[in-house]
Amino acid sequence: MGEIRDKLKEMGLSETDAEALADCIVTKKSCSWVNTDEIDNAALQRLGDYLKENGHKLRVSVEPVSTRNKYIWEVKAFQ
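To start, this report covers the structure provided alongside it. (Residues numbered from 1 in each chain as written. Predicted model: local features only at pLDDT ≥ 70, side-chain atom pairs only at ≥ 80, totals over all residues. Heavy atoms only, no water.)

1. Describing the packing of aromatic side chains
Here comes step 1: Tallied over the entire structure, the rule returns 1 aromatic pair.
Here comes step 2: Judged by centre distance (5.2 Å) and plane angle (10°), the rings of W33 and W73 are stacked. Remark: W73 occurs in strand β3 (residues 70-77) and W33 occurs in strand β1 (residues 31-35); sequence separation between them is 40 residues. Of the two residues, W33 and W73, both sit in the buried class.
Here comes step 3: Above the face of the F78 ring, R59 is positioned so that its terminal group lies 4.8 Å from the ring centre. (Phe/Tyr/Trp six-rings, centres within 6.5 Å; stacked < 30°, edge-to-face > 60°. Helix = DSSP H or I, 4+ residues; strand = E, 2+ residues; numbered from the N terminus. Buried < 20%, exposed > 50% of the residue type's maximum accessible area, 1.4 Å probe, protein only. Lys NZ or Arg CZ within 6 Å of the ring centre and 35° of its normal.)

Next comes the structure, spelled out in structure tokens:
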């Protein structure tokens, strides 16, 4: 899992987001979380490309909550 986490961090994800997402990739399970770590569209594009290229069947969405300076991450595993 550490190798996946490190790759996700290289893409621009925070330690917290990379750790949670790596767990979803390894376990192939859905999950969600909220935090204040910023994420930009370029990093999300790199993440989408990585998931597709490596056959990880996950759909990731990140919604900003601008009034709270937080981001809601939702990861859905599919067959």
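Once the structure has been displayed, the description carries forward.
2. Description of the pairing of β3
Here comes step 1: Relative to β3, β1 runs antiparallel, the two sharing 5 bridges. Within β3, the position partnered with V34 by the bridge is I72.
Here comes step 2: Of the strand pairs in this sheet, strand β2 (residues 58-65) and β3 are connected by 8 bridges, and their pairing is antiparallel. Across the sheet, residue P64 finds its bridge partner in β3, namely Y71. (Pairing = 2+ DSSP bridges.)

3. Some words on the state of the cysteines
Here a disulfide denotes one covalent bond, and it connects the sulfur atoms of two cysteines.
Here comes step 1: Summed over all chains, the structure comprises 1 disulfide.
Here comes step 2: One disulfide in the model links C24 with C31; its S-S distance is 2.4 Å. In this structure the cystine formed by C24 and C31 twists about its S-S bond by roughly 50°; its chirality is therefore right-handed. (Disulfide = S-S within 2.5 Å.)

4. Quick word on the packing of helix α1 (residues 2-10) against helix α2 (residues 15-27)
Here comes step 1: Where α1 meets α2, the closest approach of the two axes is 8 Å, and the angle between their N-to-C directions is 135°. Relative to α2, the element α1 lies oblique. As for how α1 packs across α2, the hand of that crossing is right-handed. Seen from α1, the contacting residues are I4, R5, L8 and K9; seen from α2, they are E15, A18, E19, L21, A22, I25 and V26.
Here comes step 2: A class-by-class count of the residues in the contact of α1 with α2 yields 7 nonpolar, no polar and 4 charged. (Axes fitted to C-alpha atoms, helices over the stretch in contact; angles between N-to-C directions. Parallel < 35°, antiparallel > 145°, perpendicular 65-115°, else oblique. Left-handed = near helix turned anticlockwise from the far one by under 90°. Contact = heavy atoms within 4.5 Å. Nonpolar A, V, L, I, M, F, W, Y, C, P; charged D, E, K, R; others polar.)

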